Amino acid sequence: MNDQKSDDEKLKAFIDKLKTITSKQFIEFLDERNVNTICVMCGEDGKQVIDETDHSTMHDIMNNNPPNTFVTFFHHQAATPGDSDINYYYKLTCSHCGFITTHSVRNVLEWLESRLKEENQ
């Protein structure tokens with residue numbers, strides 16, 4: 001049972017970390033990885049939409065605090081039991097044709113961790 005609690009705590013910490021990734025950081029990640037803004041299906045340029053989640057408390061709203069917004073993450077439910085960070089992803093949607101591309105959260109988190117280490121040195 002302790003193992004389950006530990007797994008639950010690890011998952012909560014992981015989800016909390018995902019809730020800190022801003023669209024600005026995600027765009028910087030995509031830029032550094034030279035991700036193309038041209039849709040591979042329809043050829044439209046610059047029409048990629050990033051899904052964002054606004055997580056504000058009633059206290060924030062009542063005090064006119066800006067929303068706490070992060071890049072929406074999605075979870076693929078694997079056919080086999082268990083969970084992994086590889087099952088979580090971000091997506092970009094072409095606003096012209098609707099084609100969706102996905103990006104592993106693992107890569108974004110590793111990039112961010114590496115970047116933070118560089119800044120602290």
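Residues numbered from 1 in each chain as written. Predicted model: local features only at pLDDT ≥ 70, side-chain atom pairs only at ≥ 80, totals over all residues. Heavy atoms only, no water.

Time to look at the overall build of the protein. Assigned secondary structure in the protein consists of 4 helices and 6 strands. Reading the helices (α) and strands (β) of the protein from amino to carboxyl end gives α-α-β-β-α-β-β-β-β-α. Restricting to contacts in the protein with at least 6 residues of sequence separation, those with at least 24 account for 50%. Summing over all exposed atoms, the protein offers an accessible surface of approximately 8600 Å²; the carbon and sulfur share of this is 51%. Charged side chains of the protein number 12 positive and 20 negative; the gap between the two group centres comes to 2 Å. (Helix = DSSP H or I, 4+ residues; strand = E, 2+ residues; numbered from the N terminus. Contact = heavy atoms within 4.5 Å. Areas by Shrake-Rupley, 256 points an atom, 1.4 Å probe, with all protein chains shown as cover. Lys, Arg positive; Asp, Glu negative; His and termini not counted. Charge placed at Lys NZ, Arg CZ, Asp CG, Glu CD.)

As a further point, take the environment of A13. Here A13 is to be found in helix 1 (residues 2-18). Residues A13 and E119, spaced 106 residues apart in sequence, show a C-alpha to C-alpha distance of 23 Å.

With respect to the helices, strands and loops of the structure, F14 is situated in helix 1. Residue F14 is classed as buried on the basis of its relative accessible area, which comes to 16%. Counting along the chain gives 95 residues from F14 to L109, while the straight-line C-alpha distance between them is 9.9 Å. Once you skip the residues sitting within four places of it in the chain, F14 turns out to touch D85, Y88, V105 and L109. (Buried < 20%, exposed > 50% of the residue type's maximum accessible area, 1.4 Å probe, protein only.)

Once that is clear, we can look at the environment of A79. By secondary structure assignment, the location of A79 is in the loop between strand 4 (74-75) and strand 5 (88-94). Look at A79 and you get exposed, because its relative accessible area is 85%. Spatially, the C-alpha atom of A79 lies 30 Å from that of S23, the residues being 56 residues apart in sequence.

Any two packed helices are characterised by the angle at which their axes cross and by the distance between the axes. Running from N to C, helix 2 (residues 23-32) and helix 4 (residues 105-120) cross one another at 90 degrees; their axes reach a closest spacing of 10 Å. In this view, helix 2 runs roughly perpendicular relative to helix 4, as classed from their interaxial angle. Residues Q25, F26, E28, F29 and E32 of helix 2 form the contact with helix 4, whose own contacting residues are N107, V108, W111, L112 and R115. Looking at the contact of helix 2 with helix 4 residue by residue, the class counts come to 5 nonpolar, 2 polar and 3 charged. (Axes fitted to C-alpha atoms, helices over the stretch in contact; angles between N-to-C directions. Parallel < 35°, antiparallel > 145°, perpendicular 65-115°, else oblique. Nonpolar A, V, L, I, M, F, W, Y, C, P; charged D, E, K, R; others polar.)

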